Amino acid sequence: MMRLVLMLLLFPLSLGAQEITLNGRVFSELQKPISSATITFKDIQTKQPLTSAVSNNDGTFKATFKAQDSLILEVSHLSYENYTEVLSPNSIDSLLIQLYAKGNQLEEVSVIGKKPLITRKIDRLVYNVENSNITSLNSWEILKKTPLVSVQGSTISVRGNSNIKILINEKPVMLSGEELKALLESNNGTDIESIEVITNPPAKYEASGSSVINIKMKKTNLYGYKGVLTARHTQSDFAKELLGISNFFRSEKWNIKATYNFISGTYARYGTDFIYYPKDETEWKTELNRVDHAKKQNSYSIGADYSIDSTLTLSIGLDGYYDPKTYGYYNVPTSISNKSGNIISRYQTLNDHIRTNNNNNFYTQLSKEWSENKKLDWTNYASFSNSTHWQDIQTRLNFLNEPKDTSHFSTDNINKIQMYASQLDLSNSWKGVGLEYGAKYSFVKSQSDLLFQEMVNGTMQHSPEKSNLFNYKEHNIAAYVSGSYSYKRWQWKAGLRAEQTLLNGTVEPSLDINKQNYLEFFPTFYTQYDLEKAGQIGFSYGKRISRPSYTWLNPAKSFYNLFSYFQGDPRLRATISHNLNLNYTIKNWNIDLFYQYEKWPNMEISFQNNETNELVYKYTNIRKRELGGLSINKNFVLYKSWQLQTDLTGYFHENQFMGMDQQLYLNNVFSFNSRINTSLVIDPKSKWNLEVGYNFYSPSIQGPFTISSFSSTYLTTSRKFFKDRLEFSLSFLDIFKDEGTTIRSNYADQNNYFLDYADARRIVGTLKYSFGNQTLKNGKSVKQAEERERF
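Just so it is clear, the model here is predicted, and its values are computed rather than measured.

To continue, consider the overall build of the protein chain. Scanning the protein chain for helices and strands turns up two helices and 47 strands. For the protein chain, the residues scored as buried account for 52% of the 791 residues in total. Considering only residue pairs separated by 6 or more positions, the protein chain has 66% of its internal contacts joining residues 24 or more positions apart. As displayed, the protein chain has an accessible area near 35,100 Å², and 56% of this comes from carbon and sulfur atoms.

A few words now on the packing of aromatic side chains. For the coordinates displayed, the defined rule picks out 29 aromatic pairs. For the pair Tyr-277 and Trp-284, a centre-to-centre distance of 5.4 Å together with 75° between the ring planes defines the contact as edge-to-face. What makes Trp-284 buried here is its relative accessible area of 6%. For the pair Trp-284 and Phe-563, a centre-to-centre distance of 5.4 Å together with 75° between the ring planes defines the contact as edge-to-face. Of this pair, Trp-284 sits in strand β20 (residues 282-309) while Phe-563 sits in the loop between β31 (557-561) and β32 (564-567), and the two are 279 residues apart along the sequence. Grouping residues by exposure puts Trp-284 and Phe-563 together as buried.

This brings us to the sheet that holds strand β3 (residues 38-43). Pairing is antiparallel across the open sheet formed by four strands, whose spatial order is β4-β3-β6-β7. Edge positions in the sheet fall to β4 (49-54) and β7 (80-87), since each has one partner strand and no second. For this sheet, the mean inter-axis angle between neighbouring strands, taken without regard to orientation, is 15°. Strand direction decides the pairing type here: strand β6 (residues 71-77) and β7, joined by six bridges, are antiparallel. Looking across to β7, one finds that Leu-73 is bridged to Glu-85.

What follows is about a nonpolar patch on the surface. A cluster of nonpolar side chains, Tyr-485, Tyr-487, Trp-490, Trp-492, Phe-525, Ile-537, Phe-539, Leu-580, Leu-582, Leu-593, Tyr-595 and Leu-630, forms an exposed patch at the surface whose accessible area comes to about 1,000 Å². Within the residue set of the nonpolar patch, elements represented by two or more residues are β27 (468-487), β28 (490-508), β30 (536-546), β33 (575-586) and β34 (589-599). Looking at where Phe-539 falls in the secondary structure, it is placed in strand β30.

So, about the environment of Gly-740. Relative to the helices and strands, Gly-740 resides in the loop between β44 (726-733) and β45 (741-747). Sequence separation of Gly-740 and Ala-760 is 20 residues, and the distance between their C-alpha atoms is 8.6 Å. Every residue in contact with Gly-740, bar those within four places of it in the chain, is listed here: Ser-709, Phe-710, Asp-756 and Tyr-757.

A few words on the confidence of the model for the protein chain. Considering every residue of the protein chain, the mean pLDDT works out to 85; 89% of them sit at 70 or more. In the model, residues 1-17 has pLDDT below 50 throughout and makes 45 contacts with residues more than four positions away in sequence or in other chains. Throughout residues 775-785 the model reports pLDDT below 50, and contacts reaching past four residues in sequence, or to other chains, amount to 63 contacts.

To continue, consider the pairing of strand β25 (residues 433-456). Where strand β24 (residues 405-430) meets β25, 22 bridges bridge the pair, whose relative direction is antiparallel. Across the sheet, Gln-423 pairs through a bridge with Lys-440, a residue of β25. A loop of two residues connects β24 with β25, the two strands running antiparallel in sequence, and Lys-431 in this loop sits at a positive phi of about 55°. The sheet contact formed by β25 and β27 spans 18 bridges and is antiparallel.

With mixed pairing, the four strands of this open sheet are ordered in space as β31-β32-β36-β35. In this open sheet, the two strands that pair with only one neighbour each are β31 and β35 (602-609). Pairwise comparison of adjacent strand axes, ignoring direction, gives a mean angle of 20° for this sheet. Bridge analysis of β31 against β32 gives four bridges, and the strand direction is antiparallel. Looking at the pairing, Phe-559 lines up with Tyr-565 of β32.

As a further point, take the pattern of salt bridges. Here the idea is simple: oppositely charged side chains can pair when their charged atoms come close. A complete count under the given rule lists 23 salt bridges for this structure. A salt bridge links Lys-42 to Glu-74, with the nearest nitrogen and oxygen atoms 3.2 Å apart. Here Glu-74 lies in strand β6 and Lys-42 lies in strand β3, a separation of 32 residues in the sequence. Residue Glu-74 is classed as partly exposed on the basis of its relative accessible area of 26%. Residue Asp-592 is joined to Arg-120 by a salt bridge in which the shortest nitrogen-to-oxygen separation is 2.5 Å. In this pair, Asp-592 sits in strand β34 while Arg-120 sits in strand β9 (residues 118-121), placing the two residues 472 residues apart along the sequence. In this structure, Asp-592 and Arg-120 share a single accessibility class: buried. By sharing partners, the salt bridges in this structure join Asp-123, Arg-124, Glu-196, Lys-216 and Lys-493 into a single network.

Core analysis: the largest hydrophobic core is formed by 34 residues, its most contacted members being Trp-284, Tyr-347, Phe-399, Tyr-472, Ile-545 and Phe-563. Sequence-distant contacts of Phe-399, defined by excluding residues within four places in its chain, comprise Trp-284, Ile-336, Ser-345, Arg-346, Tyr-347 and Phe-563. By size, the runner-up hydrophobic cluster in this structure holds 23 residues, among which are Val-129, Val-158, Ile-166 and Ile-192.

Before going further, it helps to examine unusual backbone geometry. Backbone torsion omega between Glu-508 and Pro-509 reads 15°, so that peptide bond is classified as cis. Position of Pro-509 relative to the elements: it lies in the loop between β28 and β29 (512-530). Phi at Trp-600 is positive, roughly 60°, even though this residue is not glycine. With respect to the helices, strands and loops of the structure, Trp-600 is situated in the loop between β34 and β35.

Turning our attention to the environment of Lys-204. Position of Lys-204 relative to the elements: it lies in the loop between β15 (192-198) and β16 (211-217). In the structure, Lys-204 is positioned 276 residues away from Tyr-480 in sequence and 6.4 Å away in space, judged by C-alpha atoms.

By the secondary structure assignment, Met-658 is in strand β38 (residues 642-658). The class of Met-658 is partly exposed, set by a relative accessible area of 29%. Sequence separation between Met-658 and Gly-703 is 45 residues; the distance between their C-alpha atoms is 9.4 Å.

So, how was this worked out
Throughout this document, residue positions are counted from 1 along each chain, in the order its sequence is written. Totals for whole chains, interfaces and linings use all residues, but because this is a predicted model, local features are given only for residues with pLDDT of at least 70 and pairs of side-chain atoms are given and counted only at 80 or more. Working from all heavy atoms in the structure, the side-chain values ignore hydrogens and water. Numbering goes from the N terminus for both helices and strands, where a helix is a DSSP run of H or I of at least four residues and a strand is a run of E of at least two. Think of it in three bands: with a 1.4 Å probe and only protein chains considered, a residue is buried below 20% of the maximum accessible area for its type, exposed above 50%, and partly exposed in between. Whether two residues are in contact is decided by their heavy atoms: any pair within 4.5 Å suffices. Exposure was quantified through the Shrake-Rupley algorithm and a 1.4 Å probe, taking into account, for residues, occlusion by the shown protein chains and nothing else. Planes of paired rings set the category: under 30 degrees apart is stacked, over 60 is edge-to-face and the rest tilted, where pairs are Phe, Tyr or Trp rings (Trp by its six-membered ring) whose centres lie within 6.5 Å. When DSSP finds two or more bridges between two strands, those strands count as paired. Axis definition: a line fit to C-alpha positions, over the contact stretch in the case of helices; interaxial angles, taken between N-to-C directions, run 0 to 180 degrees. For patch building, the residue pool is restricted to those with more than 30% relative accessible area and no salt bridge; the joining distance is 9 Å between like charges and 5 Å between nonpolar side chains (Val, Leu, Ile, Met, Phe, Trp, Tyr). Salt bridge criterion: a side-chain nitrogen from Lys or Arg within 4 Å of a carboxyl oxygen from Asp or Glu. Per residue, pLDDT captures the predictor's confidence, and it can take any value from 0 to 100. For the purposes of this section, nonpolar cores are sets of buried Ala, Val, Leu, Ile, Met, Phe, Trp, Tyr and Cys residues that join through side-chain atoms within 4.5 Å.

Written out as structure tokens, the structure reads:
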């Protein structure tokens, strides 16, 4: 039997000219839009049709007819049960119609053998993961296949820019680097609906970051309990394990999701550094192989929605990550050779270290929905991050013409970050114009305390001049408005966001104070024209800002060894970027012409001090960055069970930066990235899938760095058993061990490079068992603060 849901708007339409117009949407029991449904309105006395309509691809329809006190509504579709209802159209102006599949059979959530399709919306590109055969992979591996996205190690970038934001169901993820990678690896691909790549984010999104990647999780609408047990083993040079459970429960009033993952493993990264010092014509070679053990990582999330009534929902939740101990002991030899290649000196660094990390985020959200077109969200959240990094560094020196010596020091770095925010978002429509507007206030407090001790006369003593206390506070007030309108084949969308930032950073004991107070406006504009059979063409523009991470503002030195360290910059400037995009879509061909200009981009670069033989890695601003190019992607259906996907991007990239000699330098390159993969459904009944893929990335740049080309080849297969409740997948990644890179800096008196490989060749086996009702609606994810990402 079918169910009709009527939604009463706050302001009903008038019956001008004795006519009434009804808008509506037809959807299935899994909340999916139904196209090509016939909606007929009949006179209740004569049973004669007054008018009829057919639902569009998104399930929407519109019907206009003479005003009636009551009439008969009939809805029909070949795949769904017919429905008849008597209604009073004068009291409503919008219909939500839910149909049930014929024979009381649920729709299949997955379409076997259907490759992810790429669709274009006015403000984003959507990679449809759900009805595909790559859902056996985890979120991290699927993200690596997404058009316009590239991944190197644990760094994610869009069109060569790594200053991006990762969202899950519109909720920013505060982790970065390896922590973000671990989180996404723990998420099952079967839970993903799509991945949205937003190169010019609309005004409702935080203005920070050059692009947004939003991972949308699947939603269904049945009641009861659902559970998924996951076990994953990864074997590279070292082993890693994951054990997890996800629980879902939905009733008339409650919608609850709780997930827990336990992760244990050993992580390796191999590198060799080379530095040429022209003063004494020597080359320093350091073999840095880093092996860290993290045996007790915990990630957890619990969220609950409570429906106070049919229009009002309260959401509360907690998510977090806890790593009580990551430890390692590096034995790092360095050899120094003269111009003839003979080793003349050596030193050895012993680095013993322990890191801890504890992140927690709490949120509440109150959502009011007067109609499908009028909604209000009020969100409050608080985030807390505590981390420590202790290291003990000994250096055994054996230099030419000098007596053997030993240097010994330790650092203990404690970081605490607190963030509070409140945000109000309202969406409405007026005379065919869709409106979104809202405001937000956030406050962040960060403290980083570095305690430096060194060996003096056989005992470790505190060194005040090398210790550091950094306090940082930031207030941010934002407001935005955005409007959209459609006319025939045209669509337009425009918005404006304003953000007022007040910050205060203090470094002790030097009492270096940095105060800033600035207001920035961020306009966005989109237009799209439907060429019918010739496809669609669109244009977009957006202005963005990239504020530095709080830890990058800390000037304390984090030592790698006696002659190398990392240092932040308390006076980092925010990066302002302008993004232009022209796109054309036809028959699954997606073509993008893009250009990006950044003023004062911030990034990590290196400087070698030829007087002290030190190599300093510093997070700082360079002068400007420009990037422009073309990307093309296409999905080919070779056979009903065999498909091919390609993604090609070519762009010219230029960076302008200041050298240690205070001279301006240019670094530029033409880059070409390609991704090709083919998938085959071996057996549709058991959902046995096979996929092979190859990724290639030509040389790229980052400030003064030139990064060599690299590639990756993978094979993955998955199969289901016992009525799809048990699934096994096996993946072979970076088969030929080609993901290693060479990062080089060579200009003026700077001449250094390093080889880097992140232990990417591995075999991954995953076993998942599903129990309970397997078609539940996931808990609603709450949009959270951009400030969390900067933790």
